Amino acid sequence: MKLRKVLAVTLVAAMTMSMAACGGSNNTAGNGGTTDNNSAAADNSTDASNDVAATESGDASTSADGSLSYADIKLGEDYTDLTATISLFNHRTDLESDDYNGTTWKEYLAAFNEMYPNITVELTTDTNYADDALMHLQSGDYETVMMIPAVDKADLSNYFISYGDLDTMKTQINYATTWEYGGQVYGVPSTATTQGIVYNKKVFEEAGVTELPKTPEEFIDALQKIKDNTDAIPLYTNYAAGWTMGAWDAYIGNNATGDNTYMNQKLVHTKDPFQNYGDDTHAYAVYKILYDAVADGLIEDDFATTDWEGCKGMINNGEIGCMVLGSWAYPQMEAAGENGADIGYMPFPITVNGEQYASAGADYSYGINANATDDEKAAAMVFVKWMTEKSGFSYNEDGLPVAAGSTDTKLSFDGVTFLEDEPALEGEEDFLNEMNAESELNINAGGDSKIQAIIEHASNGDKTFDEIMDEWNTAWSDAQESNGIEVTE
């Protein structure tokens, strides 16, 4: 089966390549970490190909056609007699450590077993999850529950069961369209994030930055002040990690345009989307911030030797001024040392017609193996619903709420409007996938190398920023022509 790396969120968040964060709360799932407002997404599966025979305790959890219905599952009442062992594969290696300054996997699973003692969850985590998860899918032998990696939406039903139709899911969870295809929803977000910049408040204060920057010019000026007045690295690129570079793509939609139809509906039709719009907006302004920071010497001395794990402690103790990463990174930096109070999260420095915007979208989402046994599917749905509804995971990890109607979050941007990307237009669901494949730009789809190239050319001085953007525009135009996509000015 063909697997093509594509981003199915806006944010995020979704990003499919994102690494979820460590929560700032010390609450644990076993000692009251769950909050009443963290009501879960109640999801249902109506995919007839994934019918699950109801168990004696699960009759209330089956739909009219006999298929497993997540929306109807009553936690603590349904499937309480079910005995099953399921496997969970995910990217949160930090939650496996007893030293983690937050709720650990051990604590979450112990709390789950208080309600469902006969369902055993076997855990595997992976630091190279984005790539290895795709390999697991390709092998055909993959875990019962996994965070959905960057697969084509058209392939979702080959790997995962549906939680239910989109209309139903919208009443249950936020970001229901993230992994929706053909009217069915195949993923429930583990948490939700926004897009901004994690920074050290003390470093900014010592540098003399009294107000958070709202434009690219103000941001570069702030970085220069950090370089001139402190010993901190102004902007840490995380070049060597690779996947961290793709984070820059997440800002070219809502953050840079204020238009939640741009990313999934307009971008593929736009002529020269990387052009200079002349008002410090759109993709040009986003990527130019990185180019200018590198060209002005406002990053680490040797970008090729950056250290992802090491940077967490470095920003916590004031050795780094800021990093461009989704809000999932915020609690990880807080938990990386004794100076968590110094860590802040600011909006991305672009202003559109006097207003600032931020994308809000799903982080990695739970998918349930379409090839699992009936009992395993039922146990998996119970577990996913418990994680969403009862565990407090999203709140603990400083995420935005996943449950529809919930407002429970520790994260807020004063004066910033959150926007969730609208889905692609009917019949155009695969256009961005096709454009990414043809242009090889892989926007929001693991396009790390093109962002790394910006750093390389800015450092070497062998290409101007406009030359890079001209090349991208040409590649985009050629892809539009090859795919027969209508172009608007």
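Bear in mind the structure is a predicted one, so any value in this text is a computation, not a measurement.

1. Observations regarding the sheet that holds strand S5 (residues 180-181)
(1) Moving on: Read from one edge to the other, the open sheet built from three strands follows the order S4-S6-S5, with strand pairing classed as antiparallel. Because the sheet does not close on itself, it has two edges, and the strands there are strand S4 (164-165) and S5.
(2) Moving on: As paired strands, S4 and strand S6 (residues 184-185) are joined by two bridges and run antiparallel to one another. Residue pairing in the sheet places Asp165 in a bridge with Gln184 of S6.

2. Let's talk about unusual backbone geometry
(1) Moving on: One non-glycine residue, Asp398, lies in positive phi territory at about 60°.
(2) Moving on: Inspection of the secondary structure puts Asp398 in the loop between helix H13 (393-396) and strand S15 (416-419).

3. Things to note about the sheet that holds strand S2 (residues 119-125)
(1) Moving on: With mixed pairing, the five strands of this open sheet are ordered in space as S2-S1-S3-S14-S7. Each edge of the open sheet carries a strand with a single partner, namely S2 and strand S7 (188-189).
(2) Moving on: Note: strand S1 (residues 84-90) against strand S3 (residues 145-147), two bridges, orientation parallel. Along S3, the bridge assignment pairs Phe89 with Met146.
(3) Moving on: The strands touched by helix H1 (residues 105-115) within the sheet are S1 and S2, with S2 carrying the most contacts at an inclination of about 165°.
(4) Moving on: The sheet strands contacting helix H12 (residues 374-389) are S1, S2, S3, S7 and strand S14 (365-368), and the helix crosses S1 at an angle near 55°.

4. Considerations on the pairing of S1
(1) Moving on: Counting buried positions along S1 gives five out of seven residues, so the element sits mostly inside the fold.
(2) Moving on: Looking at chain direction, S1 and S2 are connected through seven bridges and run parallel. Looking across to S2, one finds that Asn90 is bridged to Thr125.
(3) Moving on: Handedness of the crossover joining S1 and S2 through H1 is recorded here as right-handed.

Procedures and definitions
- Along every chain, residues carry numbers that run from 1 in the direction the sequence is written.
- Per-residue local features of the predicted model are confined to residues with pLDDT of at least 70, and side-chain atom pairs are confined, for both listing and counting, to 80 or more; whole-chain, interface and lining totals are unaffected and use all residues.
- For side-chain calculations, the full set of non-hydrogen atoms in the structure is used, while hydrogens and water are omitted.
- A pair of strands counts as paired when DSSP detects no fewer than two bridges linking them.
- Labels follow the DSSP assignment, with helices taken as runs of H or I lasting at least four residues and strands as runs of E lasting at least two, numbered in each case from the N terminus.
- Two residues qualify as a contact provided that any one of their heavy atoms is within 4.5 Å of a heavy atom in the partner residue.
- Every axis corresponds to a line fitted to the C-alpha atoms, with the helix fit spanning only the stretch in contact, and the corresponding angles, defined between N-to-C directions, vary from 0 to 180 degrees.
- Each residue gets one of three labels from its accessible area relative to the maximum for its type: buried under 20%, exposed over 50%, partly exposed in between, using a 1.4 Å probe on protein chains only.
- Here the term right-handed applies to a crossover when the path leading from its first strand over the helix to its second strand runs clockwise, the strands being oriented away from the viewer.

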